[in-house]
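# Examination of the molecular architecture
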Amino acid sequence: MQGRLSVWLVKHGLVHRSLGFDYQGIETLQIKPEDWYSIAVILYVYGYNYLRSQCAYDVAPGGFLASVYHLTRIEYGVDQPEEVCIKVFAPRDNPKIPSVFWVWKSADFQERESYDMLGISYENHPRPKRILMPESWIGWPLRKDYIAPNFYEIQDAH
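Just so we're clear, the structure is a prediction, and the values are computed from it rather than from any experiment.

Cut-offs and rules
Residues numbered from 1 in each chain as written. Predicted model: local features only at pLDDT ≥ 70, side-chain atom pairs only at ≥ 80, totals over all residues. Heavy atoms only, no water. UniProt positions renumbered as here; feature names shortened; annotations may be inferred. Helix = DSSP H or I, 4+ residues; strand = E, 2+ residues; numbered from the N terminus. Patch = residues over 30% accessible without salt bridge, like charges linked within 9 Å, V, L, I, M, F, W, Y side chains within 5 Å. Areas by Shrake-Rupley, 256 points an atom, 1.4 Å probe, with all protein chains shown as cover. Salt bridge = Lys/Arg side-chain N within 4 Å of Asp/Glu carboxyl O. Buried < 20%, exposed > 50% of the residue type's maximum accessible area, 1.4 Å probe, protein only. Expected span 1.5 Å × (residues − 1). Contact = heavy atoms within 4.5 Å. Pairing = 2+ DSSP bridges. Polar contact = N/O pair within 3.5 Å; in protein donor to acceptor, adjacent residues only side chain to side chain.

The UniProt record marks residues 30-148 with the feature "domain: NADH:ubiquinone oxidoreductase 30kDa subunit" (unreviewed entry), using the residue numbering of this structure. For residues 30-148, the end-to-end C-alpha separation is 31 Å, with 22% helix and 29% strand making up the annotated structure.

On the surface, Tyr37, Val41, Tyr44, Val45 and Trp102 cluster together into a nonpolar patch covering about 500 Å² of accessible area. With respect to the helices and strands, tyrosine 37 occurs in helix 2 (residues 33-46). On the accessibility criterion, tyrosine 37 (33% relative accessible area) is partly exposed.

The first and last C-alpha atoms of helix 3 (residues 107-118) sit 16 Å apart over 12 residues, in line with the 16 Å expected at 1.5 Å per residue. When you tally the buried positions in helix 3, you get 9 out of 12 residues, the bulk of the element. Among the residues making up helix 3, those that are buried are Ala107, Asp108, Gln110, Glu111, Arg112, Ser114, Asp116, Met117 and Leu118. Packing partners of the buried residues in helix 3 comprise strand 3 (50-58), strand 4 (65-73), strand 6 (96-98) and strand 7 (121-123). One or two steps after helix 3, the chain reaches glycine 119, where phi turns positive at roughly 80°.

For the rest of this paragraph, the subject is the pairing of strand 2 (residues 27-30). Here 3 bridges tie strand 1 (residues 17-21) to strand 2, and the two strands are oriented antiparallel to one another. Its bridge partner being in strand 2, serine 18 is matched across the sheet by leucine 29. Count of turn residues in the strand 1/strand 2 antiparallel hairpin: 5 residues, of which glycine 25 carries a positive phi of about 85°. Pairing geometry for strand 2 and strand 5 (residues 82-90), over 4 bridges, is parallel.

With a phi close to 70°, asparagine 124 is a non-glycine residue in the positive phi region. Here asparagine 124 is to be found in the segment after strand 7.

For side chains bearing opposite charge, pairing can occur when the charged atoms are close. Inspection of every chain in the model, using the stated rule, returns 7 salt bridges. As a salt-bridge pair, glutamate 82 and arginine 73 come within 3.4 Å of each other at their nearest N and O atoms. Across the pair arginine 127 and aspartate 108 runs a salt bridge, and its minimum N-O distance is 2.5 Å. Of this pair, arginine 127 sits in the segment after strand 7 while aspartate 108 sits in helix 3, and the two are 19 residues apart along the sequence. Taking the relative accessible area as the measure of exposure, aspartate 108 reaches 9% and is therefore buried.

What follows covers the side chain of arginine 130. Looking at the element boundaries, arginine 130 is found in the segment after strand 7. Among the residues examined, arginine 130 registers a relative accessible area of 7% and is labelled buried. A distance of 3.2 Å separates the side chain of arginine 130 from the backbone oxygen of tryptophan 137, its partner in a polar contact. With sequence-adjacent residues up to four places away left out, arginine 130 is seen in contact with Arg112, Tyr115, Asp116, Glu135, Trp137, Gly139 and Trp140.

Below, the structure is given as structure tokens:
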């Protein structure tokens, strides 16, 4: 079953895959990494000018990594927002996804956190560095195949 946005994207020849609706009735779409930036710009122009959240997750050990964007469009008033969830999957061995920082500035810290925890590289991000873990940290703590070190260094603990 396709939602309104999916029908609109098909009408305009934009490649995507409908993943149905979540438990709240929000349409979920899958976009290929190579198409994501151009579709993000189109969605912004179409009215999705608010990035409510961005997160990422490890689909399965040894499988794909996913970057998830929750976008909101307020056309008819704040009591009737139109929301969509976009999922962009990247291969684990070289996870690269175009950054949408230049479309939605609120993607800044959120994409950096996804890089820090899962190792997804957001191309053209202005500050592609760790935000939570120390720069010297090895590995990506939220990947399902991550092996936690058997030591922890506590700095400045008093």
